[in-house]
Number of protein chains: 2
Amino acid sequence: MFADKGYAGASVRGIAREAGVDPALVHHYFESKPALFFASVMPVAQGLPAVNPSALVDQVLSGPVEEIGRRWVLAFLTTWDSAGPERFRALLLGVTSGDGALGSLRQFVTEALLLPLASKLQVDQPLLRTQAAAATVVGLAVGRYVVRLPEIANASVETLAALVGPSVQRLLVDPLPNELLPS
Amino acid sequence: MFADKGYAGASVRGIAREAGVDPALVHHYFESKPALFFASVMPVAQGLPAVNPSALVDQVLSGPVEEIGRRWVLAFLTTWDSAGPERFRALLLGVTSGDGALGSLRQFVTEALLLPLASKLQVDQPLLRTQAAAATVVGLAVGRYVVRLPEIANASVETLAALVGPSVQRLLVDPLPNELLPS
């Protein structure tokens, strides 16, 4: 249903009806629509901790804004380190091979993850900024879990957060270069 | 041969011998070993301009060091914009699905692209820095060509270079956070 209707178009109620169960049962196993969505696009979930994207957003937002970049890198890599590289690879493979998840995943990422982050930042161009920040941490994950660039794969998440966090920070909150300001 | 022997282990001479041609013929069509390697891992090359990774490194290195981050983003995205999103997706798909190219691609990226860049930077931890910078631009490419995050997909390369260039710049040359310095 996510693939057919997109992330926003599919409802937990509709999914429950299609499955012939009570919506409360769906909520019992998947605490939220984001968690249900994420479970549905993660092909190798058995025996590994669930990825809860809403918790990830909460982690990034809780704390001083001066450290938001570092928290983002830390929360993202901690989540995927514990979820397992094979899950990240499986997700990327699905996206890259153009399966039905791409449209709904894009909508999910922009609306359920990045929009709440963007709306907390008192900055211009919040969508461009948060998408660039997301691209940065996805790139780190590709380097760490897929290509396995040696320094990126072997570093601790704390080291990567200390190194890349300030870069994400300036993407999010630093004044934009002049050519990016509205003229 | 790249898949069997790795990037460093396969020689143009050996590849020519295997193909039953003179090495000069290989050099006539592929000016360098990096270009030959890249052609061999790019599945949809017909009718599109060749990606010349050595030219990319030269572009990044030529000019003031204060602008190296911006040049890196600009050269990388200009190259892939003109090579075509489908080629980036094909490369990522090969890498993610674990085909034989991954080991040789990793070696190629680290030795033929990042090592020359790292050796020009008068900084500590040049390998970690250049791999983090590479991860950043790869993430941008995933966002632009694969996931197609709207702001990243629709921005001009100049806009993305202006936004993300300074982040790559600080990864490459800014003083490292205290916890990353050798104790």
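So, here's what we can say about the structure. (Residues numbered from 1 in each chain as written. Chains lettered and ligands numbered in written order. Predicted model: local features only at pLDDT ≥ 70, side-chain atom pairs only at ≥ 80, totals over all residues. Heavy atoms only, no water.)

This paragraph deals with the overall build of chain A. Looking only at helices and strands, chain A has eleven helices and zero strands in total. Since a compact globule built from 183 residues should have a radius of gyration of about 16 Å, the 17 Å found for chain A is in line with a globular shape. A burial count over chain A gives 51% of its 183 residues as buried. Of all intrachain contacts in chain A linking residues separated by at least 6 positions in sequence, the fraction that spans at least 24 positions is 66%. Working note: accessible area of chain A is about 8200 Å², and carbon and sulfur atoms make up 55% of it. One finds the centroid of the 14 positive side-chain charges in chain A at a distance of 3 Å from the centroid of its 16 negative side-chain charges. (Helix = DSSP H or I, 4+ residues; strand = E, 2+ residues; numbered from the N terminus. Rg over C-alpha atoms; globule rule 2.2 N^0.38 Å. Buried < 20%, exposed > 50% of the residue type's maximum accessible area, 1.4 Å probe, protein only. Contact = heavy atoms within 4.5 Å. Areas by Shrake-Rupley, 256 points an atom, 1.4 Å probe, with all protein chains shown as cover. Lys, Arg positive; Asp, Glu negative; His and termini not counted. Charge placed at Lys NZ, Arg CZ, Asp CG, Glu CD.)

All names here are of chain B. When helix α1 (residues 2–9) is considered as a whole, its buried residues turn out to be Phe-2, Gly-6 and Tyr-7. Taken down its axis, α1 places every buried residue within 130° of arc, on the same side. Along α1, exposed side chains directed more than 90 degrees from the buried face belong to Asp-4 and Lys-5. (Arc of directions from axis to C-beta.)

Attention now goes to the side chain of Arg-144 of chain A. Residues and elements named next belong to chain A. Relative to the elements of secondary structure, Arg-144 occurs in helix α9 (residues 126–146). A polar contact of 2.9 Å, which involves the side chain of Arg-144, links it to the side chain of Asp-81. Within the structure, Arg-144 has its side chain in polar contact with the backbone oxygen of Ala-155 (distance 2.7 Å). Every residue in contact with Arg-144, bar those within four places of it in the chain, is listed here: Leu-77, Asp-81, Ile-152, Ala-153, Ala-155, Ser-156, Val-157 and Leu-160. (Polar contact = N/O pair within 3.5 Å; in protein donor to acceptor, adjacent residues only side chain to side chain.)

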